[in-house]
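Given next are the chains, with one letter for each unit.
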Amino acid sequence: MSETSREKPVHAPMDQFTSQAGELLVGGIPLGRLLARVGQTPFYAYDRGLLTRRAEALRAALPQGIKIHYAMKANPMPAVVGHMARLVDGIDVASARELQVALDSGADPREVSFAGPGKRHEELRQAVAAGILINIESFREVSELGAIRQATGWPVRVAVRVNPDFELKSSGMKMGGGPKQFGVDSEQVPELLAAIAQHELAFEGFHLFAGSQNLRPEAIVEAQRKSFELALRLAEHAPSPVRFLNLGGGFGIPYFPGEQRLDLTAIADNLATIQREAAEKMPGAEIVIELGRYLVGEAGIYVCRVVDRKVSRGHTYLVTDGGLHHHLSASGNFGQVIRKNYPVCIGNRMDQPASDTVSVVGPLCTPLDILADRMSLPHAQPGDLVVVYQSGAYGASASPRGFLSHPDLVEVLV
């Protein structure tokens with residue numbers, strides 16, 4: 001049986017982008033014209049209209065009063081952060097550099113929070129000076145923040161990041177349950193809260209994040225329910241009333257065959273129930289949902305150019321000028337146990353049938369440099385443009401861009 005006659009894999013739905021005259025449209029711009037505007041391949045392009053519509057749709061789906069924070073580690077490009085800052089209620093950062101980008105974007109420091117298991121003393125001092133909320137993840141951070149408060153007299157706003165005794169089932173990356181470098185084990189939190197009071201830090205609440213990239217509403221509902229119940233128990237040991245309760249996120253987006261977009265109905269209903277219970281049992285507490293990938297992932301594409309078409313023992317390879325050094329996630333080397341293809345198209349041949357079974361590879365001297373393995377695509381030649389969908393999150397900033405010293409990429413918001 002020939003390769004072209006094999007069963008062709010089907011990727012997840014990619015209807016957020018349209019095409020015209022055979023060219024993919026990004027922000028209403030044909031891909032070829034966008035390339036001319038950018039001036040090079042490879043590049044990432046993020047569609048601001050898609051970003052806006054996703055944030056607005058999420059806002060409409062969730063109960064009124066639920067706060068939405070953007071986890072900018074998903075995509076810290078300053079232009080993207082600036083755009084998102086106008087659409088969400090707050091920004092969550094994971095380093096002092098991200099903090100600076102968030103503040104430069106115009107985000108309200110009162111709605112910026114800082115999480116990360118290895119915060120340096122200098123970063124803690126910067127965060128205190130900025131007046132943001134610091135998610136404490138160790139006893140060391142408590143003592144260092146106490147010393148900063150003692151030395152400066154500045155108020156120190158803190159929440160406790162809790163490592164729960166459960167995990168988000170079916171999540172792509174588990175961030176809680178069992179031993180973890182993230183947060184403070186739930187059984188140690190009462191002792192930590194006592195230390196926070198001793199050092200006279202301004203306690204505001206809890207941050208619980210059990211996992212990410214989940215497409216099962218029932219799993220997210222269960223994690224949110226358990227997180228809320230755990231927060232209620234821990235609040236009994238708090239030095240002051242809870243004002244901030246971050247229930248994390250975990251909302252996934254579809255990448256692979258058979259996956260569908262997350263249905264928010266049950267999640268929204270559950271949050272409404274939690275909101276009502278919080279009004280009675282935790283009055284004054286704001287419920288926060290922290291999302292990164294869900295807000296920006298589907299709005300981005302990665303574009304590289306075919307530089308060679310070669311056949312090796314009957315199998316065709318499209319060799320491009322982009323690869324894992326720019327898009328580690330799409331290569332399958334960022335959290336995948338078994339490699340699966342991200343959705344891929346030939347962006348200047350959108351009106352042509354998927355007639356060839358090919359592998360799309362990059363220019364690096366490693367067999368790991370694969371963007372699509374045995375995927376059905378239109379017949380492509382050198383000069384054609386390979387597009388990797390679902391590239392708005394964990395793309396450029398999550399990739400080893402200096403590996404083998406190939407030319408760097410460009411990022412644009414259109």
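Residues numbered from 1 in each chain as written. Predicted model: local features only at pLDDT ≥ 70, side-chain atom pairs only at ≥ 80, totals over all residues. Heavy atoms only, no water.

Participant: Give a description of the overall build of the protein chain that names residues and reports values.
Facilitator: Tallying secondary structure elements over the protein chain gives 10 helices and 22 strands in all. The globule rule puts the C-alpha radius of gyration for 414 residues at 22 Å, and the 23 Å found for the protein chain is close to it. If you line up the protein chain on its principal axes, its C-alpha atoms span 70 × 40 × 35 Å. Counting contacts in the protein chain only where the partners sit at least 6 residues apart, residues at least 24 apart contribute 73% of the total. With the model as given, the accessible surface of the protein chain reaches about 17,000 Å², and the carbon-plus-sulfur share is 51%. Computed over 41 positive and 45 negative side-chain charges, the separation of the two mean positions in the protein chain equals 3 Å. (Helix = DSSP H or I, 4+ residues; strand = E, 2+ residues; numbered from the N terminus. Rg over C-alpha atoms; globule rule 2.2 N^0.38 Å. Contact = heavy atoms within 4.5 Å. Areas by Shrake-Rupley, 256 points an atom, 1.4 Å probe, with all protein chains shown as cover. Lys, Arg positive; Asp, Glu negative; His and termini not counted. Charge placed at Lys NZ, Arg CZ, Asp CG, Glu CD.)

Participant: Could you give me a rundown of the packing of aromatic side chains, with the residues and numbers involved?
Facilitator: Where two aromatic rings form a pair, the distance of their centres and the angle of their planes describe that pair. In this structure the tally under the stated criterion is 9 aromatic pairs. For the pair Y255 and F256, a centre-to-centre distance of 5.6 Å together with 35° between the ring planes defines the contact as tilted. Between F256 and Y342, the aromatic rings sit 6.1 Å apart at their centres with planes inclined by 65°, giving edge-to-face as the arrangement. Of the two residues, F256 is situated in the loop between β14 (244-246) and α9 (265-281) and Y342 in the loop between β17 (315-320) and β18 (344-346); the sequence distance between them amounts to 86 residues. Through a chain of ring-to-ring contacts, three or more aromatic side chains come together here, namely Y44, Y46 and Y302. Just above the ring of F209 sits the side chain of K73; from NZ or CZ to the centre is 5.9 Å. Residue placement shows K119 over the ring face of F114; its charged tip is 5.6 Å from the ring centre. (Phe/Tyr/Trp six-rings, centres within 6.5 Å; stacked < 30°, edge-to-face > 60°. Lys NZ or Arg CZ within 6 Å of the ring centre and 35° of its normal.)

Participant: Any details on empty space enclosed by the protein? Residues and values, ideally.
Facilitator: For the coordinates displayed, the defined rule picks out 3 cavities of 30 Å³ or more. Taken as a whole, the second largest cavity encloses approximately 40 Å³ of empty space. Looking at the lining of the second largest cavity residue by residue, the classes come out as 6 nonpolar, 5 polar and 1 charged. (1 Å grid on protein atoms, 1.4 Å probe; cavity = no way out; pocket = protein on both sides within 12 Å on 5 of 7 lines; lining within 4 Å. Points joined across faces, edges and corners; volume = space filled by probe spheres on them. Nonpolar A, V, L, I, M, F, W, Y, C, P; charged D, E, K, R; others polar.)

Participant: I'd love a proper account of the sheet that holds strand β1 (residues 19-20), names of residues and values included.
Facilitator: Here 3 strands make up an open sheet; going across it, the order is β1-β2-β3 and the pairing antiparallel. On the outer flanks of this sheet lie β1 and β3 (29-30), each paired with one strand and no other. Looking at chain direction, β1 and strand β2 (residues 23-26) are connected through 2 bridges and run antiparallel. Paired with S19 across the bridge in β2 is L24. (Pairing = 2+ DSSP bridges.)

Participant: I'd like a description of the packing of helix α8 (residues 217-235) against α9, backed by residues and values.
Facilitator: Where α8 contacts α9, the axes come no closer than 9 Å and their chain directions differ by 10°. With respect to α9, the element α8 is oriented roughly parallel. Across the interface between the two elements, P217, I220, V221, Q224, R225, F228 and L232 from α8 touch A266, I267, N270, L271, T273, I274, E277, A278 and K281 from α9. Residues that form the contact of α8 with α9 fall into these classes: 10 nonpolar, 3 polar and 3 charged. (Axes fitted to C-alpha atoms, helices over the stretch in contact; angles between N-to-C directions. Parallel < 35°, antiparallel > 145°, perpendicular 65-115°, else oblique.)

Participant: Can you explain the pairing of strand β4 (residues 43-46)? Please cite residues and give values.
Facilitator: The two faces of a sheet get side chains in turn, since along a regular strand they alternate between them. By the alternation rule, side chains of β4 split into F43 and A45 and Y44 and Y46, which are all buried. Inspection of the sheet shows β4 paired to strand β16 (residues 300-312) by 4 bridges, in the antiparallel sense. The partner of Y46 across the bridge, within β16, is G300. Taken together, the 4 bridges between β4 and strand β22 (residues 410-413) define a ladder with parallel strand orientation. When the sheet's bridge partners are listed, Y44 is paired in β22 with E411. (Buried < 20%, exposed > 50% of the residue type's maximum accessible area, 1.4 Å probe, protein only.)

Participant: Just give me the short version of the pairing of strand β19 (residues 356-361), but keep the residues and values in it.
Facilitator: A large share of β19 lies buried, amounting to 6 of its 6 residues. The alternating pattern of β19 places D356, V358 and V360 and T357, S359 and V361 on opposite faces, both of which are buried. In terms of strand pairing, β17 meets β19 through 4 bridges, oriented parallel. The residue of β19 that forms the bridge with V319 is V361.

Participant: An account of unusual backbone geometry is requested, with residue identities and associated values reported.
Facilitator: Each neighbour pair has its own omega, and for T41 with P42 the value is -5°, a cis peptide bond. Along the polypeptide, P42 turns up in the loop between α1 (31-38) and β4. Phi angles above zero are rare outside glycine, and R313 is one such case at about 50°. In this fold, R313 is placed in the loop between β16 and β17. R313 gets classed as exposed once you look at its relative accessible area, which sits at 86%. With a phi close to 60°, S405 is a non-glycine residue in the positive phi region. Structurally, the position occupied by S405 is in the loop between β21 (385-388) and β22.

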